[in-house]
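Structural features, examined
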Amino acid sequence: MKLFRMLIRSIRDAFKSVIRNFSLSLASISCITITLIIVSIAIIASFNVQNFTKEIEKDLTIVVFLDNDATEDNVETVKNDFKRISNIEKYDYIPKKEVKEKLKKESEVLDTVLSGWSDEESPLKDTFQVKVKDVEKISKTAATIKKMDKVSAVKYGEGMIDKLITAFSSIKNTTYGVVIALILVTIFLIINTIKLTISARKREISIMRLVGASNFIIKTPFIIEGMVLGLLGSIAPVIFTTYGYLTFYKHFDGHLYSELIRLIKPEPFMYQTAIIIVIIGILVGMIGSASAVKKYLKI
Amino acid sequence: MDLIRIKNVEKKYKNGVTAIYDLSLAIEKGSFVFVIGGSGSGKSTLIKMLYREEKPTKGQIIVGGLNVAKLKNKKVYKLRRKLGIVFQDYRLLPKLTIYENVAFAMEVIGAKKDDIRRKTLKALEDVGLKNKVHNYPDQLSGGEQQRVAIARAIVNDPKLLLCDEPTGNLDPEKSMEIMKVLDDINKSRGTTIIMATHDKDIVNRMKKQVISLKDGHLVNYKKKGTYNDEII
């Protein structure tokens, strides 16, 4: 009951002090707002990069051609061998006949040409379409498959794909780094601004200590105040990024430059981003206040 | 019974200055004690050690059963709740009203609203400021502000009231008003009062116990003392 009473008082004091120290609160809020806008842009950019690299990677397939004389037993052996390669996520077996049907459908010329061959003489090969779990190891997996019995050729785009994949992984790591660095800078900036607002209230803290307030009781209103500041500071970035991204998405019609670079659909992505931003704001405000007030709780 | 027991206490500051040398004394419950001495005599240091703003370098200080010298930073509030402190510069919160300033001391220890109201008004009545509860500190005179500070110090019914030069900023007339308030508190509430001062008039007129310090040494502890120039 006593704890509850003190908690209620802490919350009340936190709101009171945000209003009473309005100019200082405003300084903290605008600092949080500006840095959070930058952080949220970084978050949106990095999620989008992640997204389109993943989309492209998903499309990557190894096409495995078997020898013309491969029997059904050979096909089964290959299938079994595939099961032993851990990097293979799934594979589709497309026999000659199906390839033929597909090609026939695609053009009339091919239809007439292909109809001239019987199934036995057909120059077409049985094929597998193989999807891998980890694209970074795609060339290794392709090499392993190539060595298998009755496999005549393996195609996956080789050189270009390899380069693309290395580029993607470094882009991903860079965006992670940028987001983390930005969040750290934000925390640092906010801690400093909150430190200023708290040092203006040294006296209050020292009086609280003199009259017998425990450290917990002194800290709590400041921490709640930090959370309130963080929450208030994250409102503008949330609105800015939500509307900004919606406009951006509409303007580019969902993809940048080519169909290859697809943007993430605003829903539910924007809600998730908004929640992340609000949580970062609250946490950073809380950490900032807690670390700033700690200094004054020693003798 | 002794409320405070100080045994072989020495205080050496980090800059190498020794403020108190081997001090031992005991103060009885309910007494009114002046701590006198010139600048640098160690009287402020002694008061600060009693509420653990400073820690003694050596020796033992027991206040109301708490070993102050060994009290951890986190537990300081336990000591502070047993005592009230009054300073020369009042230390009121300028953005709170008089009532809120006094109630503040009870709120931070989680008292009930009814208790806060009753005790705050009683404390303000004791110091004669019941009619100014809604004013802010800067609307009050120095003497009145000091009386608010006293009300805040006694609102939790502490056993001990520490005063560090409470009349230092006041003229003789206002000083005597403050002394009257303190004497009343000592008599009616039975609060032990320790007051550091260098005001001769006050000490001589009040005829209370006197601890004289000089350059960090205890030179005298009299039951009914005066401010003796020859010793200081």
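Each remark here, short or long, concerns the structure printed above.
Residues numbered from 1 in each chain as written. Chains lettered and ligands numbered in written order. Predicted model: local features only at pLDDT ≥ 70, side-chain atom pairs only at ≥ 80, totals over all residues.

1. Concerning the overall build of chain B
Each helix and strand in chain B was counted, giving seven helices and 10 strands. The proportion of buried residues among the 232 residues of chain B is 44%. Across chain B, every contact between residues at least 6 apart in sequence was considered, and the portion connecting residues at least 24 apart equals 67%. (Helix = DSSP H or I, 4+ residues; strand = E, 2+ residues; numbered from the N terminus. Buried ≥ 20, exposed ≤ 12 C-beta atoms within 10 Å, placed from the backbone. Contact = placed C-beta atoms within 7 Å.)

2. Let's talk about the sheet that holds strand E1 (residues 62-66) of chain A
Residues and elements named next belong to chain A. Read from one edge to the other, the open sheet built from four strands follows the order E2-E3-E1-E4, with strand pairing classed as antiparallel. Bordering the open sheet on either side are strand E2 (88-94) and strand E4 (151-155), each of which pairs with just one other strand. In this sheet, neighbouring strand axes are inclined to one another by 20° on average, regardless of whether the strands run parallel or antiparallel. When E1 meets E4, the two strands line up antiparallel, connected through four bridges. Each bridged residue has a counterpart across the sheet, and for Leu66 the counterpart in E4 is Val151. (Pairing = 2+ DSSP bridges. Axes fitted to C-alpha atoms, helices over the stretch in contact; angles between N-to-C directions.)

3. Re the packing of helix H4 (residues 96-106) of chain A against helix H5 (residues 108-115) of chain A
Think of two packed helices as two axes; the pair is described by the angle between the axes and how far apart they sit. Residue and element names in this part refer to chain A. Interhelical geometry of H4 versus H5 gives an angle of 140° and a closest axis separation of 5 Å. On the basis of their axis angle, the class for H4 and H5 is oblique. Counting all contacts with H4, which are made through Lys100, Leu103, Lys104 and Glu106, the residues of H5 involved are Leu110, Asp111 and Leu114. Counted by class, the contact of H4 with H5 contains three nonpolar, no polar and four charged residues. (Parallel < 35°, antiparallel > 145°, perpendicular 65-115°, else oblique. Nonpolar A, V, L, I, M, F, W, Y, C, P; charged D, E, K, R; others polar.)

4. Quick notes on the interface of chain B and chain A
Taken together, the 17 residues of chain B in the interface contact 18 residues of chain A. The set of elements that each furnish at least two residues to the side of chain B that touches chain A consists of helix H2 (76-80) and helix H3 (98-107) of chain B. Its residues assigned to classes, the side of chain B that touches chain A comprises seven nonpolar, two polar and eight charged.

5. Focus: the environment of Thr144 of chain A
Mapped onto the secondary structure, Thr144 of chain A falls in helix H6 (residues 138-146). C-alpha separation for the pair Thr144 of chain A and Phe82 of chain A, spaced 62 residues apart in sequence, amounts to 9.8 Å.

6. Comments concerning unusual backbone geometry
Of note, the bond from Glu267 of chain A into Pro268 of chain A is cis; its omega dihedral lies within 30 degrees of zero at 0°. Residue placement: Pro268 of chain A occurs in helix H10 (residues 266-294). Positive phi values are uncommon outside glycine, yet Asn8 of chain B reaches one of about 45°. Structurally, the position occupied by Asn8 of chain B is in strand E1 (residues 2-12). Unlike most non-glycine residues, Glu165 of chain B shows phi in positive territory, near 50°.

7. Some points on the nonpolar core
Residue and element names in this part refer to chain B. Membership of the largest hydrophobic core comes to 77 residues, with the highest contact counts inside it found for Val35, Leu50, Val102, Ala151, Leu161, Leu162 and Ile194. If one sorts the elements of this core by residue count, H3 sits on top with seven residues. Val35 has contacts with Lys43, Leu46, Ile47, Ile194, Met195, Ala196, Ile211 and Leu213, leaving out every residue within four places of it along the chain. (Core = buried A, V, L, I, M, F, W, Y, C linked by C-beta atoms within 7 Å.)

8. Focus on the pairing of strand E9 (residues 209-214) of chain B
For a regular strand, side chains alternate in direction, first toward one face of the sheet and then toward the other. Residue and element names in this part refer to chain B. In terms of strand pairing, strand E3 (residues 32-36) meets E9 through four bridges, oriented parallel. Opposite Val35, over in E9, you have Ile211 as the bridge partner. Relative to strand E10 (residues 217-222), E9 runs antiparallel, the two sharing five bridges. Directly across from Val210, in E10, lies its bridge partner Lys222. In textbook terms, the turn of a hairpin is the stretch between consecutive antiparallel strands, and for E9 and E10 this stretch comprises two residues, one of which, Asp215, has a positive phi near 50°.

9. Brief notes about the pairing of strand E7 (residues 160-164) of chain B
Residues and elements named next belong to chain B. With respect to burial, E7 is a largely interior element, five of its five residues being buried. Here E7 shows a buried face lined by Leu160, Leu162 and Asp164 and a second buried face lined by Leu161 and Cys163. In this region the chain leaves E7, passes through helix H6 (residues 172-188) and returns to the parallel neighbour strand E8 (residues 192-197); the handedness of that crossover is right-handed. (Right-handed = clockwise from strand over helix to strand, strands pointing away.)

10. Things to note about the sheet that holds E3 of chain B
All names here are of chain B. The mixed open sheet is built from six strands, whose spatial order is E6-E7-E8-E3-E9-E10. In this open sheet, the two edge strands, each paired with only one partner strand, are strand E6 (83-87) and E10. Neighbour-to-neighbour, the strand axes of the sheet open up by a mean angle of 15°, direction not taken into account. Looking at chain direction, E7 and E8 are connected through five bridges and run parallel. In the sheet register, Leu162 faces E8, and the bridge partner there is Ile194.

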